[in-house]
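Read off the chains here:
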Amino acid sequence: MFTTEFLDLPPLDSAQGSVTLPGSKSISNRVLLLAALSHGTTTIHDLLDSDDTQVMLAALKQLGCHITPETVLPGQPIAVTGIGGQLPADTAATLFLGNAGTAMRPLTAALAVLGGHFEMTGVPRMYERPIGDLVDALRQLGCRIDYLRDPGFPPLKIGQPDFSRWSDAPIQVRGDVSSQFLTSLLMALPLQATDKAITIEVVGELISKPYIHITLELLARFGIAVENDSWQRFVIPAGSRYRSPGDIHVEADASSASYFIALGAIATGTTDDADADNATERKSIRILGVGQDSIQGDIRFIEAARAMGAQVESGPNWLEVSRGNWPLKAIDLDCNHIPDAAMTLGVMALYADGTTSLRNIASWRVKETDRIAAMAIELRKLGATVEEGADYIRITPPAKASDWRAASIHTYDDHRVAMCFSLAAFNPAKLPVRIQDPKCVGKTFPDYFEALFSVCQTETQHIPVICIDGPTASGKGTIAAEVAKALGYQLLDSGALYRITGLAASRAGLALDDSNEETIAEMALDLPVRFDAQQRVWLGEEDISAAIRSEEAGMNASRVSALPAVRTALVDLQLSFQTLPGLVADGRDMGTVIFPHAPLKVYLWASAQCRAERRHKQLISKGISANIATLLADLEARDARDMNRATAPLKPAEDSLQLDSSEMTIEDVVAQVLSWWQERQPFGRA
Ligand SMILES: Nc1ncnc2c1ncn2[C@@H]1O[C@H](COP(=O)(O)OP(=O)(O)OP(=O)(O)O)[C@@H](O)[C@H]1O
Ligand SMILES: Nc1ccn([C@H]2C[C@H](O)[C@@H](COP(=O)(O)O)O2)c(=O)n1
């Protein structure tokens, strides 16, 4: 997951490949709660690991459920042993539920029926999301729920219910604000329907019926057969009792599929590679984990995408999408049945041939943020003309490519805003898009941007590179790593490649001079080298991170790097690091030879004395004894060789910015490089 302050998406050209989607949030949190209420142990496969499921899991643990393993591990099921429909008397807990509506509302209902002493808390936005209609419904039954702040909104205090006050009358609940209120009652009331049936009556039009459909399907899997009378009355039969189904699989998230369906419709086209066997081969995006027969309502996003022009094929648990009509066709759609996925249509509208109207979306106003307002503000930043009303939004795309604007998208701590606006990176003006606070996707799809980059292509010239060149111990590596971390970019430590080559050659007993130039170059071409996520360096199965960092390894690297054939052999490997979303490359010739068109080149230096002192401190801190005078002599020798060799000598690129870091702290240098980078961006200050 990208945890940076912002993520700059370079202009993207096309997309092709397959993505496996994470589990559905709606199904995951329902299944977790149902498993927790049941008798027996439920083994849940493909559970979503996200902010919202984590708060649910934490709450269930606090309530005494046994959960193994304690956290969701990739590819591993999770086993939940339920409370069997009962909590120990006087159970008390304060539950923090973040901004997860799928945890706050159903848990409130379940705990209000089970009874105990609970405080239901969350993030500030949760305290603006209504829950009054659910509380009113539960109070009809005799549940005790108090508002701790504003009436109608969390945080809440839950006490011991008094069911003697309930006259067996149907429980009434409004259906036109959030379908989660009805879902919550449907999941909680079976706990009280052991002796007599309970009827729930919906007041007003029931919105988002597909989410109720998911709830009913899952209740059936856990042994509760609810009678659905035309979506207006729901009868929970007497004798209801939750029973674990044993194993259960969570479908991939159909709402998350919407971004990749849209991607297929917007980004893909026919390949223009004249050398390809079949020049008219259609590029497509294959989405794994969910198919057209999904139980999730948002799967009907496919119909809307098709209406706009997408070509969608489907099979069991997969979808394949490619571009059909281009530009997309503007649509006028009642989106009540796909409230979450419909946001994606808002960004698809930027690529349409006219004005798109999305109607009956009042529920957007009470989601993670006021989504109608948020979409309108951010779409306008990109150059669209947007009209918004209480329950609709109308979007007219920029008239021509030059009307598009480079926008820094505010994401309102709303995962869906972040994900759908990433699609604006396909704009015809080839402008980058900045997504602020990209980690908000953690709510449902923590690796969304990684998945997006894995299937997107763009011209290499659009992938930004920041070069940091300079002499040894000037701080290049340290600064490059920090800058890459701040921007979420890839990192290329080109010196490491020469160090590895030097190490491999000296281990092979070769003299590191021109007598072995071709042999060493051949070794460099075939190095089984790998950098892992922890920045460790592997040569085959050996972790050589420490071995290549010795002063001797540095000197050997300097020697092999003076051999032109070795330099040539390492070019392609270095170029291969230029991948989405961008690259920070440190070395000696990053700006002069390898990435001559990089938009920012920094030549970082410091006095030889200062560098020797830094190196001394660095070695001592690692427990390696060192002598400043020797270090000074060595680094001056290395400088001389690196600067005076015939091929790609160390020197500032003509268009580089020079920075003397002798009197600067690491933080100052990082801030300066980032500031230079910001000045080159079209977004203004973050
Ligand atoms: N501005 C700075 N102020 C103080 N110390 C610094 C500064 N920049 C880097 N250092 C320290 O100097 C040491 C050398 O830095 P670093 O290894 O990043 O240099 P380098 O240029 O990448 O060296 P080499 O080319 O030999 O790999 C490190 O211990 C680092 O923490
Ligand atoms: N782009 C590069 C990077 C490194 N070298 C050579 C010269 C250095 O002395 C040696 C080790 O680099 P370091 O890890 O200290 O940055 O590798 C080069 O020629 N070109």
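Anything mentioned here points back to the structure above.
Quantities reported herein were computed from a predicted structural model and do not represent experimental measurements. For every chain, the first residue of the written sequence is number 1, and numbering continues from 1 along that sequence. Written order decides the labels, with chains lettered from A and ligands numbered from 1. Only residues with pLDDT of at least 70 are given local features in this predicted model, and only at 80 or more are side-chain atom pairs given and counted; all residues enter the totals for whole chains, interfaces and linings. Computation of side-chain values covers all heavy atoms of the structure but excludes hydrogens and water.

Q: Help me understand the site of ligand 1, please; the structure alone is not making it clear to me.
A: Neighbouring residues are identified by heavy atoms, a residue being near a molecule or strand if any of them is within 4 Å of it. Around ligand 1 sit 18 residues, and of these Thr472, Lys476, Gly477, Thr478 and Arg615 come closest. Each polar contact in these results corresponds to two N or O atoms within 3.5 Å; when the atoms are within protein, one needs to be able to donate a hydrogen and the other to accept it, and residues that are neighboring in sequence are counted only if both atoms are side-chain atoms. Here Gly475 contributes a backbone N or O atom positioned 3.0 Å from an oxygen atom of ligand 1. Exposure was quantified through the Shrake-Rupley algorithm and a 1.4 Å probe, taking into account, for residues, occlusion by the shown protein chains and nothing else. Protein coverage of the free-state accessible area of ligand 1, which is 630 Å², stands at 81%. Of all the secondary structure elements, the ones that give two or more residues to the shell around ligand 1 are helix H13 (476–487), helix H20 (608–621) and helix H22 (666–679). The helix count covers DSSP runs of H or I at least four residues long, the strand count covers runs of E at least two residues long, and both are numbered beginning at the N terminus.

Q: So what exactly am I meant to see when it comes to the pairing of strand S20 (residues 356–359) here?
A: Paired strands, as defined in this entry, are two strands with at least two bridges between them according to DSSP. Relative to S20, strand S19 (residues 332–334) is paired through three bridges, and the arrangement is parallel. Pairing of Asp334 across the sheet is with Arg359, part of S20. Assignment of crossover handedness uses the view with strands pointing away from the viewer, where a clockwise path from the first strand over the helix to the second indicates a right-handed crossover. For the crossover from S19 across helix H9 (residues 342–348) to S20, the handedness is right-handed. As judged from the four bridges shared by S20 and strand S22 (residues 392–396), these two strands associate in the antiparallel manner. In the sheet register, Arg359 faces S22, and the bridge partner there is Tyr392.

Q: Hey, could you run me through the site of ligand 2 in this one?
A: Residues in close proximity to ligand 2 total 17 residues, the closest being Arg499, Arg567, Asp589, Arg638 and Arg645. One of the side-chain nitrogen or oxygen atoms of Arg567 is found 2.8 Å away from an oxygen atom of ligand 2. Asp642 places a polar side-chain atom, nitrogen or oxygen, 2.8 Å from an oxygen atom of ligand 2. For the shell around ligand 2, the element with the highest residue contribution is helix H14 (residues 494–507), accounting for four residues.

Q: Any chance you could explain the nonpolar core here in plain terms?
A: Across soluble globular proteins, nonpolar side chains have a tendency to be buried as a group. Judged by nonpolar contacts, the single largest core of 83 residues is most densely connected at Phe260, Leu263, Ile287, Leu345 and Phe449. Take this core: its biggest share by element is ten residues, from helix H7 (residues 254–267). The contact criterion used throughout is that any non-hydrogen atoms of two residues lie within 4.5 Å. Setting aside residues up to four positions removed in sequence, Leu263 forms contacts with Ala15, Thr268, Ile285, Leu423, Phe426, Leu452, Val455 and Cys456. If you look at the next biggest cluster of nonpolar residues, it comprises 80 residues, including Leu87, Ile131, Leu186 and Phe234. Residue types Ala, Val, Leu, Ile, Met, Phe, Trp, Tyr and Cys, when buried and joined through side-chain atoms within 4.5 Å, form a set referred to as a nonpolar core. With a 1.4 Å probe rolled over the protein chains alone, any residue whose accessible area is under 20% of its type maximum counts as buried; one over 50% counts as exposed, and the rest are partly exposed.

Q: It is not clear to me how helix H5 (residues 179–188) should be interpreted in this structure. Could you clarify?
A: Since the α-helix packs 3.6 residues into each turn, any two residues three or four apart lie on the same face. Counting buried residues along H5, ten of its ten residues qualify, which places the element largely inside the surrounding structure. Restricting attention to buried positions, one finds in H5 the residues Ser179, Gln180, Phe181, Leu182, Thr183, Ser184, Leu185, Leu186, Met187 and Ala188. For H5, the side-chain oxygen to backbone nitrogen distance between the N-cap and Gln180 is 3.1 Å, and the N-cap itself is Ser178.

Q: Would you take a moment to explain the pairing of strand S8 (residues 117–121) for this structure?
A: The side chains of a regular strand alternate, residue by residue, between the two faces of the sheet. With five bridges connecting them, strand S7 (residues 92–96) and S8 associate as parallel partners. From the neighbouring strand, Phe96 faces S8, where its bridge partner is Thr121. In this view, the connection linking S7 to its parallel neighbour S8 by way of helix H3 (residues 101–114) has right-handed handedness. Alignment of S8 against strand S10 (residues 156–158), held across three bridges, turns out to be antiparallel. Each bridged residue has a counterpart across the sheet, and for Phe118 the counterpart in S10 is Ile158.

Q: I tried to follow the packing of helix H1 (residues 25–37) against helix H2 (residues 51–62) on my own but got confused; where do I start?
A: How two helices sit against one another is set out by the angle between their axes and by the gap between those axes. Orientation is described by axes fitted as lines to C-alpha atoms, over the contacting stretch for helices, and by angles from 0 to 180 degrees between their N-to-C directions. Where H1 contacts H2, the axes come no closer than 10 Å and their chain directions differ by 5 degrees. It follows from the interaxial angle that H1 and H2 lie roughly parallel. Note on element contacts: H2 touches H1 through Asp52, Thr53, Met56, Leu57 and Leu60, opposite Lys25, Ser28, Asn29, Leu32, Leu33 and Ala36. Angles are sorted into four bins: roughly parallel if under 35 degrees, roughly antiparallel if over 145, roughly perpendicular if 65 to 115, and oblique for all others.

Q: Is there a simple way to think about the packing of aromatic side chains in this case?
A: Each aromatic ring pair is described using two quantities: the centre-to-centre distance and the angle formed by the ring planes. Working definition: rings of Phe, Tyr and Trp (its six-membered ring) pair if their centres are within 6.5 Å, and the pair is stacked with planes under 30 degrees apart, edge-to-face with planes over 60 apart, and tilted otherwise. Inspection of every chain in the model, using the stated rule, returns twelve aromatic pairs. With centroids separated by 5.4 Å and ring planes inclined at 75 degrees, the aromatic side chains of Phe445 and Tyr448 adopt a geometry described as edge-to-face. Of the two residues examined, Phe445 and Tyr448, each falls in the buried class. With centroids separated by 5.1 Å and ring planes inclined at 75 degrees, the aromatic side chains of Tyr448 and Phe449 adopt a geometry described as edge-to-face.

Q: In this structure, what is going on with the sheet that holds S10? I would like to understand it.
A: In sheet architecture, strand pairing relies on hydrogen bonds along the backbone and comes in two forms, parallel and antiparallel. Spatial ordering of the open sheet is given by S7-S8-S10-S9, a layout of four strands whose pairing is mixed. Each end of this open sheet is capped by a strand with a single partner; those strands are S7 and strand S9 (145–147). Between one strand and the next, the sheet's axes are offset by a mean angle of 15 degrees, whatever the strand orientation. In the packing of H3 onto the sheet, the strands contacted are S7, S8, S9 and S10, and the crossing angle to S8 comes to about 170 degrees.

Q: Even after reading the chapter, I still don't get H14, so can you show me in this structure?
A: Expected span of a helix: the number of residues minus one, times 1.5 Å. In this model H14 runs 20 Å from its N-terminal to its C-terminal C-alpha over 14 residues, within 8% of the 20 Å that 1.5 Å per residue would give. Counting buried residues along H14, twelve of its 14 residues qualify, which places the element largely inside the surrounding structure. Of all the positions in H14, only Ser494, Gly495, Ala496, Leu497, Tyr498, Arg499, Ile500, Thr501, Gly502, Leu503, Ala504 and Ala505 are classed as buried. At the C-terminal side of H14, Gly509 shows a positive phi close to 80 degrees.

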